[in-house]
Amino acid sequence: MTTTGEQNTVAGIAEPDVKARNGVLGLYGRIARALGDAMPKGLYARSLLIILMPVVLLQAFVAFVFMERHYQTVTARLSAAVVADIAAIIDIVATYPQTPDYSEIVRIAKDRLGLNIAILPPEPLPPPTEKPFFSQLDLTLSREITQQIKRPFWVDTVGRSRIVEIRIQLEDKVLRVFARRSQTNASNSLIFIGWMVATSVVLLTISILFLRNQIRPITRLADAAEAFGKGRAVTPLKPRGAREVRAATIAFGDMQGRIERQIEQRTAMLAGVSHDLRTILTRFRLQLALLAESPDTDALKHDVDDMNRMLEGYLAFARGDSGEQAVAADIDVLLRDIAKEFRVPGHSVTATFAGDPMVKLRPQSFKRCLANLVGNACRHGENVAIDGNHADGTLTIAVDDDGPGVPVEEYEAIFRPFYRLDDARNIDESGTGLGLSIARDIARSHGGDVTLAASPLGGLRVTVTIPV
């Protein structure tokens, strides 16, 4: 049984562990988010990175390890050979008699050993120069001179880019040697960089050629899905690319065919229903026309008109905007026409537009969408403002009125078919309650939406947003 003290001890030990784990997870999350923000967003670029980055990093690591080891080995052997030549020159100068100007040994060193030497008067060696950070050549030369010659020396591997200067202190003179850097050092920078660039270019070229053919079917499928979602005509896609992409393309084609067949069947059914119901309403009108005028017949005619209007609303909601093709339309002219249609005595309807007015959409259905919104605004307000804007690939149209408005909690409810608001603002009170539903369906069929907000005029603002 665990006592209270033991529980406190366990809690005291566990709490720092939990905090440390949470801190590590939080740091990992921040790093992951930073990498996600820095990474490209397109599938093409990400696929290239996934393919190239591991290969390039592995290649760079392997090349660096092996070529650096090769560089160190070759540099050590070259430096040892040059120092051995200098040691032989020192032995010859010390053992055999020379001319006063040492011309013969200078000639032999130059012609046979590739070294430019000079015998200088006895003088102190120059002060040590600043050594480069981690200079493999400087370290190797100093070690070899110390091991082979065992005399005071001075080495300069920095002063001249292609020449290495070495001075050796002899008994009564100083031996100065100029050697080419290539004699003492194996430079691998150009080889390493060239190898990396060449192989990376080859890998990048192969990856681009391969991935472009793999990404293109996905891009076409996405474009076709977007166009079909906006109600535009889409030609059948031919399956291409990988097996999964082909399966997705075939599935999209089957889905497109089923939806189109369903729309055709629904349209045919609605046409039949419309014909039958209109026939009955026509008989009602004929029978009422044969009757004598009276308050009862006037009421019946009014009911028939309401039934006809309700029938039109139901059929319009069910039919949607199928069959109409998207074409370029002048939205500025469209808004002005709608404002003119609803401009009646006692109401003020204004229309403004900013941006490029030419937009590709289904003009008849879109005009119907806006007409429903403007008509609803005119029923509940005296001043209506229509403001359109086309910018950054988005068409935005706001309809404002000075009516009683709609409570915020009812914003989504009034979009439901046949829903009626029974308070100060009764949506479509003389109709079927389908005006906003039809407007939102048309907007969403274009890939957009209809939203509600409070209007600066004091009533309701209805905003239609469509990507174009």
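Conventions adopted
- Residues numbered from 1 in each chain as written.
- Predicted model: local features only at pLDDT ≥ 70, side-chain atom pairs only at ≥ 80, totals over all residues.
- Heavy atoms only, no water.
- Helix = DSSP H or I, 4+ residues; strand = E, 2+ residues; numbered from the N terminus.
- Buried < 20%, exposed > 50% of the residue type's maximum accessible area, 1.4 Å probe, protein only.
- Pairing = 2+ DSSP bridges.
- Axes fitted to C-alpha atoms, helices over the stretch in contact; angles between N-to-C directions.
- Contact = heavy atoms within 4.5 Å.
- Expected span 1.5 Å × (residues − 1).
- Patch = residues over 30% accessible without salt bridge, like charges linked within 9 Å, V, L, I, M, F, W, Y side chains within 5 Å.
- Areas by Shrake-Rupley, 256 points an atom, 1.4 Å probe, with all protein chains shown as cover.
- Salt bridge = Lys/Arg side-chain N within 4 Å of Asp/Glu carboxyl O.
- Lys, Arg positive; Asp, Glu negative; His and termini not counted.
- Charge placed at Lys NZ, Arg CZ, Asp CG, Glu CD.

The subject of this paragraph is the environment of Gly-447. Following the sequence through the fold, Gly-447 ends up in the loop between helix H11 (435-445) and strand E10 (449-454). Of the residues examined, Gly-447 reaches a relative accessible area of 42% and is grouped as partly exposed. Distance in space between the C-alpha atoms of Gly-447 and Glu-226 is 7.9 Å, their sequence separation being 221 residues.

What follows covers the sheet that holds strand E6 (residues 348-355). Strands belonging to one sheet form pairs held by backbone hydrogen bonds; the direction of such a pair is parallel or antiparallel. Taking strand neighbours across the sheet as the criterion, the five strands line up as E6-E8-E9-E11-E10 in an open arrangement whose pairing is mixed. Sheet topology places E6 and E10 at the edges, where each strand pairs with a single neighbour. Between one strand axis and the next, the sheet turns by 15 degrees as a mean value, whatever way the strands run. Bridge count for E10 against strand E11 (residues 460-467) is six bridges, and the pairing is antiparallel. Residue pairing in the sheet places Ala-453 in a bridge with Arg-461 of E11. Contacts between helix H9 (residues 331-341) and the sheet are confined to E6, strand E8 (383-391) and strand E9 (394-401), with E6 contributing the most and set at about 175 degrees to the helix. Here helix H10 (residues 363-380) sits on the sheet in contact with E6, E8, E9 and E11, set at roughly 20 degrees to E9.

With that settled, the discussion passes to unusual backbone geometry. Positive phi, normally seen in glycine, also occurs at Tyr-102, with a value near 55 degrees. Examined against the element boundaries, Tyr-102 turns out to sit in the loop between helix H2 (43-95) and helix H3 (103-113). The phi torsion at Lys-150 lies on the positive side, around 60 degrees, for a residue other than glycine. The class for Lys-150 is exposed, based on a relative accessible area of 66%.

Our focus in this paragraph is helix H7 (residues 243-290). Counted at 1.5 Å a residue, the expected span for H7 with its 48 residues is 70 Å, and the 71 Å between its end C-alpha atoms agrees. For H7, every residue scored as buried is listed here: Val-245, Thr-249, Phe-252, Gln-256, Gly-257, Leu-270, Ser-274, Leu-281 and Leu-288.

A few words now on a nonpolar patch on the surface. On the surface, a nonpolar cluster with roughly 610 Å² of combined accessible area is contributed by Leu-58, Phe-61, Val-62, Phe-64, Val-65 and Phe-66. The residue Phe-61 is located in helix H2 in this model.

On to a positive patch on the surface. A surface patch of like charges, here positive, comprises Arg-212, Arg-216, Arg-220, Lys-238, Arg-240 and Arg-246. If you tally residues by element for the positive patch, the top one is helix H6 (residues 189-229), at three residues. By the element assignment, Arg-216 lies in helix H6. Exposure remark for Arg-216: the relative accessible area of 33% places this residue in the partly exposed category.

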